[in-house]
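These are the residues of each chain, in order.
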Amino acid sequence: MTTLPLSRRTILQSTAALATLSLLGIRPGQVLAADGGVLTVRMEADIQVLDPGYMIGGAETSVQYATLPRLAVPVQDKAGQWSFVASDYVDKITQDDPTHISFTLKKGFKWSSGKELTTEDVKYSFERMLKSDWKARWPTLDHVEVKDDTSGVIVLSKPFAATFLMGIASESGSIVPKTATEALKDQKFTTELPGQCGPYTLTEWTPKQRIVLKVNPDYPGTKPAFAEVRFINIEDLN
């Protein structure tokens with residue numbers, strides 16, 4: 001197999017490019033090429049389930065990060081230390097005490113249906129995780145209190161140090177559209193998202209071959225460095 005050319009200069013020296021890799025959960029070693037506005041990435045296994053409650057992992061996580069909201073994201077400082085900050089979708093997120101985390105959503109973020117992202121979507125998404133295959137990611141979540149359309153409080157039954165790491169800022173913290181997901185059979189989905197509200201939209205999936213993400217022109221947050229991201233299915237580099 002011929003390896004596609006990789007511009008290390010483009011990837012490793014561009015702050016915007018690094019931010020986009022981080023956004024998508026992509027390791028630099030997965031990158032096959034970065035040519036103009038197109039990023040080509042190796043995926044070791046095809047997507048099977050994009051639903052945060054029943055996902056498998058791998059490329060599914062990158063698609064979730066690209067197309068679904070999260071309240072917080074991990075960031076790494078120059079010393080290599082990790083912390084969590086409010087995502088594009090959030091005005092603020094605050095740990096009020098060991099069992100209460102308050103948040104305020106920004107206005108203007110809309111699902112592909114045209115409906116606004118609201119606190120009800122957050123409440124529905126997090127609480128449905130408690131009945132899912134990944135409920136262990138939220139071991140002490142009690143409920144989400146809705147104050148109004150843009151503000152709420154995540155209430156824990158007891159303190160849990162990894163709430164951001166395993167829940168809020170992870171793929172298990174991906175938010176899905178309440179109304180559209182409730183309309184599905186068993187309120188579950190596999191490879192067809194019930195709604196998208198991210199910096200990218202999933203525009204093409206050819207099973208066992210490739211996934212194509214394209215920049216969402218209606219996304220009001222930070223624009224990613226690449227207009228298009230292509231995941232190429234290469235299970236064996238040999």
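Residues numbered from 1 in each chain as written. Predicted model: local features only at pLDDT ≥ 70, side-chain atom pairs only at ≥ 80, totals over all residues. Heavy atoms only, no water.

Observations concerning the side chain of Arg70
Next, step 1: Locating Arg70 in the fold gives a position in the loop between α3 (59–67) and β3 (72–76).
Next, step 2: At 6.3 Å, Glu171 is the nearest oppositely charged side chain to Arg70, a buried residue that forms no salt bridge.
Next, step 3: In terms of polar contacts, Arg70 uses its side chain to reach the backbone carbonyl oxygen of Ala169, at 2.7 Å.
Next, step 4: If near-sequence neighbours (up to four positions away) are discounted, Arg70 is found in contact with Leu23, Tyr65, Ser87, Tyr89, Ile168, Ala169, Ser170, Gly173, Ser174 and Ile175. (Helix = DSSP H or I, 4+ residues; strand = E, 2+ residues; numbered from the N terminus. Buried < 20%, exposed > 50% of the residue type's maximum accessible area, 1.4 Å probe, protein only. Lys, Arg positive; Asp, Glu negative; His and termini not counted. Salt bridge = Lys/Arg side-chain N within 4 Å of Asp/Glu carboxyl O. Polar contact = N/O pair within 3.5 Å; in protein donor to acceptor, adjacent residues only side chain to side chain. Contact = heavy atoms within 4.5 Å.)

Focus on the environment of Asp46
Next, step 1: By the element assignment, Asp46 lies in the loop between β2 (38–43) and α3.
Next, step 2: Since its relative accessible area comes to 9%, Asp46 is described here as buried.
Next, step 3: Residues Asp46 and Lys107, spaced 61 residues apart in sequence, show a C-alpha to C-alpha distance of 34 Å.
Next, step 4: Ignoring sequence-local partners within four residues, the contact set of Asp46 consists of Trp205, Pro207, Lys208 and Asn233.
Next, step 5: A distance of 2.6 Å separates a polar atom in the side chain of Asp46 from the backbone nitrogen of Lys208.

A closer look at the sheet that holds strand β5 (residues 90–97)
Next, step 1: With antiparallel pairing, four strands are arranged side by side in an open sheet as β5-β6-β8-β7. In this open sheet, the two edge strands, each paired with only one partner strand, are β5 and β7 (141–146). Direction aside, neighbouring strands of the sheet carry axes that sit 15° apart on average.
Next, step 2: Relative to strand β8 (residues 151–156), strand β6 (residues 100–105) runs antiparallel, the two being bridged by five bridges. If you follow His100 over to β8, its bridge partner there is Val155.
Next, step 3: In this fold helix α4 (residues 119–128) packs onto β6, β7 and β8, with an angle of close to 170° to the strand it touches most, β7. (Pairing = 2+ DSSP bridges. Axes fitted to C-alpha atoms, helices over the stretch in contact; angles between N-to-C directions.)

Here we look at the environment of Ala45
Next, step 1: Relative to the helices and strands, Ala45 resides in the loop between β2 and α3.
Next, step 2: Overall, the relative accessible area of 41% leaves Ala45 in the partly exposed class.
Next, step 3: When sequence neighbours within four positions are dropped, the list of residues in contact with Ala45 reads Ala59, Asn233 and Glu235.

Let's talk about the confidence of the model for the protein
Next, step 1: Per-residue confidence for the protein gives a mean pLDDT of 92, with 95% of residues at or over 70.
Next, step 2: The low-confidence segment residues 1–6 (pLDDT under 50) makes twelve contacts with residues lying over four places distant or belonging to another chain. (pLDDT = per-residue confidence, 0-100.)

Some points on the packing of aromatic side chains
Next, step 1: Counted under the stated rule, the structure contains five aromatic pairs.
Next, step 2: Seen from their ring centres, Tyr89 and Tyr219 are 5.9 Å apart, and the 70° between their planes marks the pair as edge-to-face. Here Tyr89, found in the loop between β4 (82–86) and β5, pairs with Tyr219, found in the loop between β10 (210–215) and β11 (228–233); they are 130 residues apart in sequence, far enough to count as distant. The two residues Tyr89 and Tyr219 agree in class, both being buried.
Next, step 3: In this structure, Arg70 is placed above the aromatic ring of Tyr65, and the distance from its NZ or CZ to the ring centre is 3.8 Å. (Phe/Tyr/Trp six-rings, centres within 6.5 Å; stacked < 30°, edge-to-face > 60°. Lys NZ or Arg CZ within 6 Å of the ring centre and 35° of its normal.)

Focus on helix α2 (residues 15–24)
Next, step 1: Turning to α2, its buried residues are Ala17, Thr20, Leu21 and Leu24. Projection of α2 onto a plane perpendicular to its axis shows the buried side chains occupying an angular sector of 100°, all on one side.
Next, step 2: Just downstream of α2 lies Gly25, where phi reads positive at about 70°. (Arc of directions from axis to C-beta.)

What about the pattern of salt bridges?
Next, step 1: Within this structure, the stated rule accounts for eight salt bridges.
Next, step 2: Of the charged contacts, one joins Glu44 and Arg42 as a salt bridge, the two residues approaching to 3.8 Å between their closest N and O atoms.
Next, step 3: Accessibility expressed as a relative area gives 47% for Glu44, which makes it partly exposed.
Next, step 4: A salt bridge links Lys123 to Glu127; the nearest nitrogen and oxygen atoms lie 2.7 Å apart. Taken together, the residues span about one helical turn, with Lys123 and Glu127 both in helix α4 at a distance of four residues.
Next, step 5: Its relative accessible area of 22% is what places Glu127 among the partly exposed residues.
Next, step 6: Connected through salt bridges with shared partners, the residues Arg27, Arg42 and Glu44 form a single ionic network.

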